[in-house]
Amino acid sequence: MSDIAIRLISPADAEEMAALLRANREHMAPWDPLREESYYTTEGQWQLISDSLRSGNALPHAIVEAGRVIGRVNLSNVVHGAFQSANLGYWVDAAATGRGVASAAVAAVAEAAFLTYGLHRLEAGTLLHNVRSQRVLERNGFVRFGMAPKYLKIAGDWQDHYLFQLLSENWLESRSATS
């Protein structure tokens, strides 16, 4: 999907992001932690984005199509030094699902992680029944390496997750093979 791009998110995106989150609240509910009402406000998004950018351990990106933000793809818990790793998370507008948007965004952020940010490893977790998200990861070369019991509190309950990883050398190999 050549018309899908990612860019670092900015506090200037807070209003658009809040509107998108409000519109997708029901769609995201089964996959998200329970959120405070402030999360869905422009002010709440402004604070969250600002804090994330200042933290030094996050690289939050907007997913953009035709100049409009349609989701997020985030690198969080970024650790440098000997680990060179980050956690990957993503979501897209309900209207954009099923069109390869998440796959394109994950591909773009993996490229940035390995070529721009110098990371060695990305890790992602999915709920056991989230087959669509697992396919996104597998299409991008992620390999399932385990299952974490009660890993995250999603929709109010501690839920098991499959864990996936992508190493820079495997990403480079697969990229060379498809070029």
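For the structure, see preceding data.
Residues numbered from 1 in each chain as written. Predicted model: local features only at pLDDT ≥ 70, side-chain atom pairs only at ≥ 80, totals over all residues. Heavy atoms only, no water.

Novice: Help me out: how do you make sense of the sheet that holds strand β3 (residues 68–79) in this one?
Specialist: Two pairing modes exist for strands in a sheet, parallel and antiparallel, and in both the strands are linked by backbone hydrogen bonds. On the basis of which strands lie adjacent, the open sheet formed by seven strands has the order β1-β2-β3-β4-β5-β7-β6 and mixed pairing. Each having just a single partner strand, β1 (4–8) and β6 (143–154) make up the two edges of the open sheet. Shown here is a sheet whose adjacent strand axes are inclined to one another by a mean of 30 degrees, direction ignored. Relative to strand β4 (residues 85–92), β3 is paired through seven bridges, and the arrangement is antiparallel. Bridging from a neighbouring strand, G71 pairs with V92 of β4. The sheet contacts of helix α1 (residues 14–23) involve β3 and β4, and relative to β3 the element is tilted by about 100 degrees. (Pairing = 2+ DSSP bridges. Helix = DSSP H or I, 4+ residues; strand = E, 2+ residues; numbered from the N terminus. Axes fitted to C-alpha atoms, helices over the stretch in contact; angles between N-to-C directions. Contact = heavy atoms within 4.5 Å.)

Novice: Whenever I open this one, the packing of aromatic side chains confuses me. Can you help?
Specialist: One pass over the full model with this rule turns up two aromatic pairs. Judged by centre distance (5.1 Å) and plane angle (85 degrees), the ring pair of Y39 and Y40 falls under edge-to-face. For Y40, a relative accessible area of 9% corresponds to the buried category. Where F114 meets W171, the ring centres are 5.6 Å apart and the plane angle is 50 degrees; that geometry is what we call tilted. Of this pair, F114 sits in helix α4 (residues 101–116) while W171 sits in helix α6 (residues 168–178), placing them 57 residues apart in sequence. (Phe/Tyr/Trp six-rings, centres within 6.5 Å; stacked < 30°, edge-to-face > 60°. Buried < 20%, exposed > 50% of the residue type's maximum accessible area, 1.4 Å probe, protein only.)

Novice: Sorry, what's going on with the packing of α4 against α6 here?
Specialist: Helix-helix packing: each pair is described by the crossing angle between the helix axes and the interaxial distance. Relative orientation of the contacting elements α4 and α6 amounts to 115 degrees, with a least axis distance of 10 Å. α4 and α6 meet at a crossing whose hand is left-handed. Seen from α4, the contacting residues are A110, E111, F114 and L115; seen from α6, they are S168, W171, L172 and R175. Looking at the contact of α4 with α6 residue by residue, the classes come out as five nonpolar, one polar and two charged. (Left-handed = near helix turned anticlockwise from the far one by under 90°. Nonpolar A, V, L, I, M, F, W, Y, C, P; charged D, E, K, R; others polar.)

Novice: Got a minute to help me understand the packing of α1 against helix α3 (residues 42–55) in this structure?
Specialist: Contact geometry of α1 with α3 gives a least axis separation of 8 Å together with a crossing angle of 115 degrees. Classified by chirality, the crossing of α3 by α1 is right-handed. Every residue of α3 that contacts α1 at A14, E15, M17, A18, L21 and R22 is listed here: T42, Q45, W46 and I49. Its residues assigned to classes, the contact of α1 with α3 shows six nonpolar, two polar and two charged.

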